[in-house]
Amino acid sequence: MKKATKTAALMLVLAMMTTALTACGNSADTSGSTAVDTTVSTAQTQESTAADAGQAEAGTQEAAPEAGGTLTFGTNAEFPPFEFVTSNGVIDQYDGIDMAIAKQIAEKNGMTAAIENMEFDSLLVALQNGQIDAAIAGMTVTEERKEEADFSIPYYTATQVMIVREDSDITSAADLADKKICVIQGYTGEICVKDMGYPYEAFKKGTDAIMELVNGKCDVVVLDSATSQKYVNDNEGLKIVEDPSAFESEEYAIAVKKGNTELLDKINTAIDAMLTDGTVAELGAQYTEELSAE
Ligand code: GLN
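The shown structure was predicted, so the numbers you read here are calculated from the model rather than taken from an experiment. (Residues numbered from 1 in each chain as written. Predicted model: local features only at pLDDT ≥ 70, side-chain atom pairs only at ≥ 80, totals over all residues. Heavy atoms only, no water.)

Undergrad: For the site of the ligand, give the residues involved together with the corresponding values.
TA: Around the ligand sit Phe-79, Phe-120, Ala-137, Gly-138, Met-139, Thr-140, Arg-145, Gly-186, Tyr-187, Thr-188, Asp-224 and Tyr-252, and those are all the residues in its vicinity. The backbone of Gly-138 places a nitrogen or oxygen atom 2.8 Å from a nitrogen atom of the ligand. Grouping the amino acids of the shell around the ligand by side-chain chemistry returns 6 nonpolar, 4 polar and 2 charged. (Near = heavy atom within 4 Å. Polar contact = N/O pair within 3.5 Å; in protein donor to acceptor, adjacent residues only side chain to side chain. Nonpolar A, V, L, I, M, F, W, Y, C, P; charged D, E, K, R; others polar.)

Pasting the structure below:
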């Protein structure tokens, strides 16, 4: 009896740990890009095979746009330095690391990239109903999202951080317990704070959450690292507090409709080349500098 109880308790702990990890977008396989690529590709091959089998039964096949055609990416262009609206972007009025990557993926496949700008929460639905071919939006791969879409190999590693006012006494995630927390709706920051069990207020736009913080109406915004840095650079009196033990690393990848292996293969080949030849790293440096120089 006792032993059974102990085993059950241990299993519960393990299950809770797994939930926490997946919910925060973390996976144990995030160290080193080669290891990541291999793990993810293997997992995706298995998933794709399963998806293909399902589709063969249903008699449907996802088509990827052909060379000469348009590759339509969905994004939420309020996530600098990955995507933002500007007067003269790399794709129409859209600019940022993701936009430059999207453009190159299309070009490497003889296609033209187009952008559909929408709410972050709508991206996976837009994939499912065919409004967009792929979603590129600094989107963290999570177990839940993997049920709704297939993901490319990761191209960027990020983490959640806490943006606070300079005089804040917050030094770790444990200090959030009695604080007024702001997050952005549907982002992994919201998932993490929810998992920690803290009450929070969710905003539709990062800039709105930051204004609450600047105006003293909330104490902390939990948000992705690079985007947080941009907001701290742009707004006087803010700083970043990190807590890697509470917020583990997450990986950004491009999502396609489940079973669209033809497009996923094209995207993966292009990303792999851009990771190998240093293009992604260069774009990262370029857009972070560009934005902090503003
Ligand atoms: N990486 C975060 C997520 O996937 C935020 C992405 C975004 O806002 N574009 O939820």
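On we go from here.
Undergrad: Go over the nonpolar core, please, and point to the residues and values.
TA: Within the largest apolar cluster, 65 residues are counted, with the highest numbers of intra-cluster contacts made by Phe-73, Ile-101, Ile-105 and Val-221. If one sorts the elements of this core by residue count, helix H3 (residues 97–108) sits on top with 7 residues. Discounting residues that sit within four places of it in the chain, Val-221 has contacts with Val-161, Met-162, Ile-163, Cys-182, Ile-184, Ala-209, Ile-210 and Leu-213. Ranked by size, the runner-up nonpolar core spans 14 residues in total, among them Met-162, Val-183, Val-193 and Val-222. (Core = buried A, V, L, I, M, F, W, Y, C linked by side-chain atoms within 4.5 Å. Buried < 20%, exposed > 50% of the residue type's maximum accessible area, 1.4 Å probe, protein only. Helix = DSSP H or I, 4+ residues; strand = E, 2+ residues; numbered from the N terminus. Contact = heavy atoms within 4.5 Å.)

Undergrad: Go over the pairing of strand S1 (residues 70–75), please, and point to the residues and values.
TA: Within a regular strand, the side chains alternate between the two sheet faces. Across the 6 residues of S1, 5 count as buried, placing the element largely inside the fold. In terms of strand pairing, S1 meets strand S5 (residues 112–117) through 6 bridges, oriented parallel. Bridge pairing in S5 places Thr-70 opposite Thr-112. Pairing between S1 and strand S6 (residues 134–135): 2 bridges, direction parallel. For Gly-74, the partnering residue across the bridge sits in S6 and is Ala-135. (Pairing = 2+ DSSP bridges.)

Undergrad: Provide a residue-level description of the confidence of the model for the protein, including the pertinent values.
TA: Averaged over every residue, the pLDDT of the protein is 84; residues scoring 70 or more account for 77%. Throughout residues 9–23 the model reports pLDDT below 50, and contacts reaching past four residues in sequence, or to other chains, amount to 8 contacts. Taken together, the stretch residues 25–61 has pLDDT below 50 and engages in 43 contacts with residues farther than four places along the chain or on a different chain. (pLDDT = per-residue confidence, 0-100.)

Undergrad: Can you tell me about the sheet that holds strand S15 (residues 255–257), naming the residues and giving the values?
TA: Strands sit in the order S5-S1-S6-S15-S7 across an open sheet of 5 strands; the sheet is mixed. Lying at the two open borders of the sheet, with one neighbouring strand each, are S5 and strand S7 (149–151). Lying on the sheet, helix H9 (residues 261–276) is in contact with S1, S6, S7 and S15; it crosses S15 at an angle near 160 degrees. (Axes fitted to C-alpha atoms, helices over the stretch in contact; angles between N-to-C directions.)

Undergrad: Which residues make up the sheet that holds strand S11 (residues 201–203), and what values go with them?
TA: The mixed open sheet is built from 5 strands, whose spatial order is S11-S10-S12-S9-S13. Each edge of the open sheet carries a strand with a single partner, namely S11 and strand S13 (238–241). Strand-to-strand, the axes of this sheet are offset by a mean angle of 30 degrees, without reference to chain direction. The pairing of strand S9 (residues 160–165) with strand S12 (residues 220–224) spans 5 bridges and is antiparallel. In the sheet register, Ile-163 faces S12, and the bridge partner there is Val-221.

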